[in-house]
Structures are given as structure tokens and as C-alpha cells.
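# Chains, contacts and geometry: an overview
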Amino acid sequence: MTRRSEAAGEGTVPLLDSPPRSRIAWCVTGSGHFLEESIALAKRLPAVDLFLSAAAEEVLPMYQLRLDDLKQQFRLVRDRTASGVPVGMLYEDIYHTVVVAPATSNTVAKCAFGISDSLPTNMFAQAGKLGIPGIVFACDTEPVVVTKSPHEWVTLRPRRIELANVERLREIDFCQVVCSPAELESALDARLRELSLSWNTSSS
């Protein structure tokens, strides 16, 4: 029987008869920090579904990442319900890993303090409750952060509270925090090896 889950505003998102914990739930927030690099990594992974926050839907096109193009490779799940209905897809035991990348400082703060009011934060919280490992690529992790805006490079200086929230997030159960695309790739590689899975040889 085909597994299905209601997705807000889009009827149903059909799921093929996937073996238990065979897919990755990749959550995208409203951060542009290494956004293109993060999506490039997602394209190299087997069996990935993208869970988009409302902010992500606004930001992705700013970086020339069109939803119609992403649909060619990923199943897209969008944040269209107040109660985070698509989170129920986690209960169907399809996903082995939840990735939040890149994660805004707002998302990091919410995850660190157990607040779940967006699709990515709901996915993160429920994954932890189900014992599903999570990987969070936090953006504001250093005293000085150089990041790419849609039009130019910008230098930011995260406040103590942002840095403290990253450290608090590290203490959350079933959560691994990474701070760069290289660390994200390394964490994903280790997770694939744990599951005896391999990277895709092509992202096309």
C-alpha cells in the first residue's frame, strides 16, 4: 500500500513504498548562508525530501534556486498548516535522518529552547522525540561571519545570545550541530556510512 501524508494546500504528497527509515528529511529555513552549497550537498544524497519553511520559499528564488527546478530532483513539502501536518510523515517511519541546513539564528534559538512553530522546528522536535538523528547547520557560530546576501557579501557579528544558543543546541538529544559546509558534508558522510549508503555519483 502506498504511504501518503496530507500536505498543506497541495492535497497529498504521495510516498512510494519506501522501506522503513530509507529517506532523508532535509529542512530549509530562511537563511541564505551557504544555501547554494547546502542544496548542492542535498542533491548528492540518495532519497531526499525537502521540507520548506515559509521563509525558505521566499529566500530560495533570491539565490536563483527555483522551486520548479528543485521539484525535478526532490519531493517538496511546504509549510502551509498551523499545526505542521506534514510532520506526521515522520510517524510513518520513512525517514532515518532529519537535516536542517542552513538554519537561521531564529531556527537555532527555537530548536534550542524546544519551540516548534514552523515546519523545520516541528520536524526537528518530533524527530528527536522519535529518536531520529538530526543534523543542524547553524549559521551564526563565530564572532565574525561572512555570508553571501542575494547581491553581495556581508560581514555579520553574531551577538552573545546567538552564540550561546548554538552551544545550547549542542546539548539537545539526537542533535549534531555543524558550522560549515565541510562539517556538514563530513556529518552526512558519517551518517551514510552508518547506514551502509553511498553518495550519488551525479547531482543531475
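Residues numbered from 1 in each chain as written. Predicted model: local features only at pLDDT ≥ 70, side-chain atom pairs only at ≥ 80, totals over all residues. Heavy atoms only, no water.

## Examining the state of the cysteines
Counted under the stated rule, the structure contains zero disulfides. Not engaged in a disulfide, the cysteine Cys 111 finds its nearest cysteine sulfur in Cys 175; these two sulfurs lie 7.5 Å apart. Taking relative accessible area as the criterion, Cys 111 reaches 5% and is therefore assigned buried. With no disulfide of its own, Cys 179 has Cys 139 as its nearest cysteine by sulfur position, at a separation of 9.9 Å. (Disulfide = S-S within 2.5 Å. Buried < 20%, exposed > 50% of the residue type's maximum accessible area, 1.4 Å probe, protein only.)

## Observations regarding the confidence of the model for the chain
Per-residue confidence for the chain gives a mean pLDDT of 89; residues scoring 70 or more make up 90%. For residues 1-13, every residue scores under 50 in pLDDT, and the model assigns this stretch 36 contacts once sequence neighbours within four places are set aside. (pLDDT = per-residue confidence, 0-100. Contact = heavy atoms within 4.5 Å.)

## Section: the nonpolar core
In terms of nonpolar packing, the biggest core is built from 30 residues, with Trp 26, Val 28, Leu 50, Leu 184 and Leu 188 touching the most fellow members. Among the secondary structure elements, those contributing two or more residues to this core are β3 (23-28), α1 (35-43), β4 (48-52), α2 (54-59), α3 (67-70), β6 (95-103), β7 (134-138) and α7 (181-194). Discounting chain neighbours no more than four positions away, the residues touching Val 28 are Leu 35, Ile 39, Leu 50, Phe 51, Leu 52, Ser 53, Ala 56, Leu 60, Ala 101 and Pro 120. (Core = buried A, V, L, I, M, F, W, Y, C linked by side-chain atoms within 4.5 Å. Helix = DSSP H or I, 4+ residues; strand = E, 2+ residues; numbered from the N terminus.)

## Quick word on helix α5 (residues 119-129)
Most of α5 sits inside the fold, with nine of its 11 residues counted as buried. Listed in full, the buried residues belonging to α5 are Leu 119, Pro 120, Thr 121, Asn 122, Met 123, Phe 124, Ala 125, Gln 126 and Ala 127. Note on α5: the residue one or two positions beyond its end, Gly 131, has a positive phi of about 75°.

## Regarding the sheet that holds strand β10 (residues 175-178)
Pairing is parallel across the open sheet formed by six strands, whose spatial order is β5-β4-β3-β6-β7-β10. Two strands lie at the open edges of the sheet, namely β5 (75-78) and β10, each paired on one side alone. Sheet twist, expressed as the mean angle between neighbouring strand axes with direction ignored, is 20°. Pairing of β4 with β5, which is carried by four bridges, proceeds in the parallel orientation. Within β5, the residue paired with Asp 49 across the bridge is Arg 75. Strands in contact with α1 are β3, β4, β6 and β7; relative to β3, the strand with the most contacts, it is inclined by about 170°. Along the sheet, α5 contacts β3, β4, β5, β6, β7 and β10; its crossing angle with β3, the most-contacted strand, is approximately 140°. (Pairing = 2+ DSSP bridges. Axes fitted to C-alpha atoms, helices over the stretch in contact; angles between N-to-C directions.)

## Overview of the packing of helix α4 (residues 105-112) against helix α6 (residues 160-170)
Their axes nearest at 9 Å, the elements α4 and α6 cross at an angle of 45°. Looking at the two axes, α4 sits oblique to α6. In the packing of α4 onto α6, the handedness of the crossing is left-handed. The segment α4 lies against α6, with Ser 105, Val 108, Ala 109, Cys 111 and Ala 112 engaging Glu 162, Asn 165, Val 166, Arg 168 and Leu 169. Across the contact of α4 with α6, the residue classes tally to six nonpolar, two polar and two charged. (Parallel < 35°, antiparallel > 145°, perpendicular 65-115°, else oblique. Left-handed = near helix turned anticlockwise from the far one by under 90°. Nonpolar A, V, L, I, M, F, W, Y, C, P; charged D, E, K, R; others polar.)

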